[in-house]
Amino acid sequence: MAIAAKTSEKNRYKADPSVLTALRSPRILTREVLAGLVVAMALIPEAISFSIIAGVDPRVGLFSSFVMAVSISFLGGRPAMITAATGAVALVIAPVMRDYGMEYFIATVILAGIFQVTLGLLGVAKLMRFIPRSVMVGFVNALAILIFTAQLPHLIGVPWLVYPLVAVGIVIMVGMPRMTRVVPAPLVAILLITVAVVVTGLNVPNVGDEGELPKSLPELFLPNVPLTWETFTIIGPFAIAMALVGLLESLMTAKLVDDITDTHSHKTRESIGQGISNMLSGLFGGMGGCAMIGQTMINVKASGARTRISTFLAGVFLLILVVALGDVVSLIPMAALVAVMIMVSVGTFDWHSIRPSTLKRMPLGETIVMVATVVVVVITHNLAIGVFIGVIAAMIVFARRVAHFATVTREVDATATTPTVNYTVSGELFFASSNDLTTQFEYADDPDRIVIDMSDSHIWDASTVAALDAITTKYEKHGKRVVIEGMNEASTRMHTRLAGNLGGEV
C-alpha cells in the first residue's frame, strides 16, 4: 500500500511533457527556447521598474531576476512558472533600503528566504485549499487590471507614434496564432516593431530610457550586519512580510497555471524552492522576488511553454541580453513590450466571471467576495492584503449562509406518562448557527421534562456546548429537567469534555 501511495504521488506531480521529452523533440524544444527569449525581453523593463520602487540600482533587480529564474527552474514545484523580481516584494522591503541601507536590505532578503523554507517545511502550502474560487477569480481579475494599469505610464505623455506601434503589436499577436504557432507571436511583434523603429529612426521611448543596464556578472555579496537581536528586530518584520507576500503570490500563480495546463504542481516544493531562490538572490546582491503572473502568462499562455527549460532559459537569456547585448536590447521600443503586456492582461482576465448571465446565476455573496478582492488588490497594489480580505469576506458569507441551516422543531409528547416536550435540533452547529439556539425554546411554558434530540445535528465548537449549557441552566431555574440524547460519537466527546466547564450561562 505504501509503495502504491508513493507511486501515485509521483505520478500526480509528473511533468508533461518532461524535460527529457522536450530535449528529444525539436518542435517542443524550439517552443521552449523561444518562450524563454520572449520572457527575458519582457523581464528587463519590469526588473528595472521594480528596482526603482525598491530604491536600489537597476542591476539589483536584473541580477535578482536572473538568479531566481535559473534557481527556481531546478528547485521549484511548478514547471514553466516564472520567478523574478516583483513589485509586490519591492513595495514590502523598500523601507529597509530607505531607512537602513543596502546591507540591511540584502540581509532582509536572505532572512525572508529562510522564513519561506521554514514555512514550506511546516506545510503552509496546504492552506491553499482554504482559498475559495471566488477569491481566486478576484485575484486573477485584479492581476489583469494591475498588469494593464502598469502600462499606463508608457502610454501617457508619450509621442503619438507610440499608439500606432502598440496597435500594430496587438494586431500581430491577435492575427499570427491563426496562421502559425511555431514561433511565439509576442517574439515576432517585438522583433518587427524594433526593426521598424530602428530602420525608420522613429523617436519613441525604448528600454534604454528605463535605466542603465549592467556591464558585468553578478558577484557574491555577504551583508555586513551585526548578528544581534537588534538587527533581527529591524529586519524581521519586513522579512516575514516579504516571505508571506511572496509565498501567497507564488502559490496562487501556481494554482492558476495548474488550471491552465490541467496538471498538478508540488506546492510544498515550490514554497521551499522560493525560499532557497530568495536566499541565493540575496547572496548575489539581488532584491529577491516571487512568481510573476504577467511573465508566467507570457510563457504558458502566449508562448505555450510547459517545461522547466523555458524558465531556465528566461534567466540565461536575461543575463546574456543585459550584459553582452545591452546596447542592442536598449533599442527595443517600450511600445512593443507594452503591447505584449496588454495582451497578457486581456488573456489573464476572467471575462466569463463578469458576463450578465454568469452574474445572474452566481450567488450574490460570492460575487461580493470576488469584487471585494479585486477592489482591495487594485487600491492597495498588495495581493496579500486583497486575498486576505477576500478570504475573510468569504468566511463571513459562508458563516451567514450556514447559520440558517440549523433548525429546532418542537413537539409535545402526549403519550408519555410524565408531561414531556421533544425538541429536535437539525443542522451543523457552530458559533454562527448556535448563537440564537437559546431563543428557540419555550422555557416558561414547557412541561417538567424536556428531551432535546441531537441525532440530526453535529456539534463543531465550544460555542454550541455553551449554548446547550445555557439552555439546561434556564430550564433548571424553572425547576425542569432536560435530557440531551442522540449525539453522534464526535459530538458526544466534545460535549462530555466541555459541558459545565465553560464559565456559566451564555
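Counting its regular elements, the protein contains 21 helices and six strands. With respect to the three principal axes, the spread of C-alpha positions in the protein is 105 × 60 × 55 Å. Counting over 506 residues, the protein shows a buried share of 53%. Sequence-distant contacts in the protein: of pairs separated by 6 or more residues, those separated by 24 or more amount to 84%. Carbon and sulfur atoms make up 64% of the accessible area of the protein, which totals about 23,700 Å². The averaged location of the 36 negative side-chain charges in the protein is 9 Å from the averaged location of its 35 positive side-chain charges.

Relative to the assigned elements, Ser434 resides in helix α19 (residues 431-434). Among the residues examined, Ser434 registers a relative accessible area of 1% and is labelled buried. In terms of polar contacts, Ser434 uses its side chain to reach the backbone carbonyl oxygen of Phe430, at 2.6 Å.

Within this structure, the stated rule accounts for eight salt bridges. Measuring nitrogen to oxygen at the nearest pair gives 2.7 Å for the salt bridge that ties Asp446 to Arg410. Within this pair, whereas Asp446 is found in the loop between α19 and β5 (449-459), its partner Arg410 is found in strand β3 (residues 407-413), the two being separated by 36 residues in sequence. Since its relative accessible area comes to 35%, Arg410 is described here as partly exposed. Between Glu489 and Arg493 there is a salt bridge, with the nearest N and O atoms lying 3.2 Å from each other. Note that Glu489 and Arg493 are positioned in helix α21 (residues 489-498) at a spacing of four residues, about one turn of the helix. Glu489 sits in the exposed class, given a relative accessible area of 62%.

As a further point, take the sheet that holds β3. Strands sit in the order β3-β4-β5-β6 across an open sheet of four strands; the sheet is mixed. Every interior strand has two partners, whereas the edge strands, β3 and β6 (481-485), have only one. Adjacent strand axes in the sheet meet at a mean angle of 20° when their direction is disregarded. The pairing of strand β4 (residues 420-429) with β5 spans nine bridges and is parallel. The residue bridging Tyr423 from the neighbouring strand is Ile452, located in β5. Packed on one face of the sheet, helix α20 (residues 462-477) meets β4, β5 and β6 and runs near 175° to β5.

The subject of this paragraph is the pairing of β5. Consecutive residues of a regular strand have side chains that alternate between opposite faces of the sheet. Note: β5 against β6, five bridges, orientation parallel. Note that in β6 the partner of Ile452 across the bridge is Ile484. Since β5 and β6 lie parallel, the crossover through α20 that links them has a hand, and here it is right-handed.

A few words now on the environment of Val300. Take Val300: it is sitting in helix α12 (residues 293-302). Counting along the chain gives 89 residues from Val300 to Ile389, while the straight-line C-alpha distance between them is 29 Å. Every residue in contact with Val300, bar those within four places of it in the chain, is listed here: Ala80, Val257, Ile260, Thr261, Ala305 and Arg306.

Here we take up the packing of helix α6 (residues 102-121) against helix α11 (residues 267-283). The interhelical angle for the contact between α6 and α11, taken along N-to-C directions, is 165°, at an axis separation of 7 Å. As the angle between them shows, α6 and α11 are arranged roughly antiparallel. As α6 packs across α11, the resulting crossing turns out to be left-handed. Side by side, α6 and α11 meet where Ile106, Val109, Ile110, Gly113, Ile114, Gln116, Val117, Gly120 and Leu121 of the first sit next to Thr268, Ser271, Ile272, Gln274, Gly275, Ile276, Asn278, Met279, Gly282 and Leu283 of the second. Partitioned by chemical class, the residues of the contact of α6 with α11 number 10 nonpolar, nine polar and no charged.

Time to look at α20. The α-helix advances 3.6 residues per turn, and as a result positions three or four apart in sequence lie on the same side. When the terminal C-alpha atoms of α20 are compared, their 23 Å separation across 16 residues agrees well with the 22 Å that a helix rising 1.5 Å per residue should span. Along α20, the residues classified as buried are Thr464, Val465, Ala466, Ala467, Leu468, Asp469, Ala470, Ile471 and Tyr475. Considering only its buried residues, α20 is in contact with β4, α19, β5, β6 and α21. Where α20 terminates, the next one or two residues include Gly479, which has phi positive at roughly 75°.

On to the nonpolar core, then. The biggest cluster of nonpolar side chains holds 116 residues, and the ones touching the most others in it are Ile44, Phe105 and Met287. Apart from the residues within four sequence positions on either side, Ile44 is in contact with Leu62, Val207, Leu213, Leu318, Leu321, Val322 and Val329. Among the nonpolar cores identified, the runner-up in size contains 21 residues, and Val421, Ile450, Ile452 and Met487 belong to it.

Note on placement: His478 falls in the loop between α20 and β6. Judged by relative accessible area, His478 falls into the partly exposed class, the value being 43%. In this structure, the C-alpha to C-alpha distance between His478 and Asp445, residues 33 residues apart in sequence, is 9.8 Å. Those residues within four positions of His478 in sequence are excluded, and the remaining contacts are Tyr443 and Ala444. A polar contact of 2.9 Å, which involves the side chain of His478, links it to the backbone oxygen of Lys474.

Turning our eyes to something else, we now look at the packing of helix α8 (residues 162-179) against helix α9 (residues 185-200). Close contact between α8 and α9 brings their axes to 9 Å; oriented N to C, the two are set at 145°. Classified by chirality, the crossing of α9 by α8 is right-handed. For the pair α8 and α9, the contacting residues are Leu165, Gly169, Ile172, Met173, Met176 and Pro177 in the first and Ala185, Pro186, Val188, Ala189, Leu192, Ile193 and Val197 in the second. When the residues that make up the contact of α8 with α9 are grouped by side-chain class, the tally is 12 nonpolar, one polar and no charged.

This next bit is on a nonpolar patch on the surface. On the surface, Ile385, Phe388, Ile389, Ile392, Met395 and Ile396 cluster together to form a nonpolar patch covering roughly 540 Å² of accessible area. The class of Ile385 is partly exposed, set by a relative accessible area of 39%.

With 16 residues, α9 should reach 22 Å at 1.5 Å per residue; the first-to-last C-alpha distance of 22 Å fits that figure. What α9 keeps buried is the set Ala185, Pro186, Leu187, Val188, Ala189, Ile190, Ile193, Thr194 and Val197. The secondary structure elements touched by the buried residues of α9 are α3 (26-54), α8, α12 and α15 (334-348). Just beyond α9, the residue with positive phi is Gly201, at close to 70°.

Reading the values: the criteria
Each chain has its residues counted from 1, running along the sequence as written. Note on the predicted model: pLDDT of at least 70 is required for a residue's local features to be given, and 80 or more for side-chain atom pairs to be given and counted; whole-chain, interface and lining totals, by contrast, use all residues. Working from all heavy atoms in the structure, the side-chain values ignore hydrogens and water. The secondary structure listing takes helices from DSSP runs of H or I that are at least 4 residues long and strands from runs of E that are at least 2 residues long, numbered from the N terminus. Only protein chains enter the accessibility calculation, which uses a 1.4 Å probe. A residue is then buried if its area is under 20% of the maximum for its type, exposed if over 50%, and partly exposed in between. By definition, residues are in contact when any of their heavy atoms lie within 4.5 Å. Using a 1.4 Å probe, the Shrake-Rupley method yields the accessible areas, and only the shown protein chains count as cover for residues. Residues counted as positive are Lys and Arg, residues counted as negative are Asp and Glu, and His and the chain ends are not counted. Where a charge lies is defined by one atom per residue type: Lys uses NZ, Arg uses CZ, Asp uses CG and Glu uses CD. In the analysis that follows, any N or O atom pair within 3.5 Å is treated as a polar contact, provided that within protein one partner can donate a hydrogen and the other can accept it, and provided that, for residues neighboring in sequence, both atoms belong to side chains. Should a side-chain nitrogen of Lys or Arg be within 4 Å of a carboxyl oxygen of Asp or Glu, the pair is scored as a salt bridge. Two strands form a pair only when DSSP identifies at least two bridges running between them. Lines fitted to C-alpha atoms define the axes, with helix axes restricted to the stretch in contact, and inter-axis angles between N-to-C directions lie between 0 and 180 degrees. Orient the strands so they point away from the viewer; a crossover is then right-handed if the path from the first strand over the helix to the second runs clockwise. Small angles under 35 degrees read as roughly parallel and large ones over 145 as roughly antiparallel, with 65 to 115 read as roughly perpendicular and the rest as oblique. In this scheme the crossing of two helices becomes right-handed for a clockwise turn of the near helix relative to the far one and left-handed for an anticlockwise turn of less than a right angle. Only Asp, Glu, Lys and Arg are considered charged in this grouping, and only Ala, Val, Leu, Ile, Met, Phe, Trp, Tyr, Cys and Pro are considered nonpolar; every other residue, Gly among them, is considered polar. One less than the number of residues in a helix, times 1.5 Å, gives the span that helix is expected to have. To form a nonpolar core, buried Ala, Val, Leu, Ile, Met, Phe, Trp, Tyr and Cys residues must be joined to one another through side-chain atoms within 4.5 Å. Each patch is built from residues that are more than 30% exposed by relative accessible area and take part in no salt bridge. Like charges join if they lie within 9 Å; nonpolar side chains (Val, Leu, Ile, Met, Phe, Trp, Tyr) join within 5 Å.

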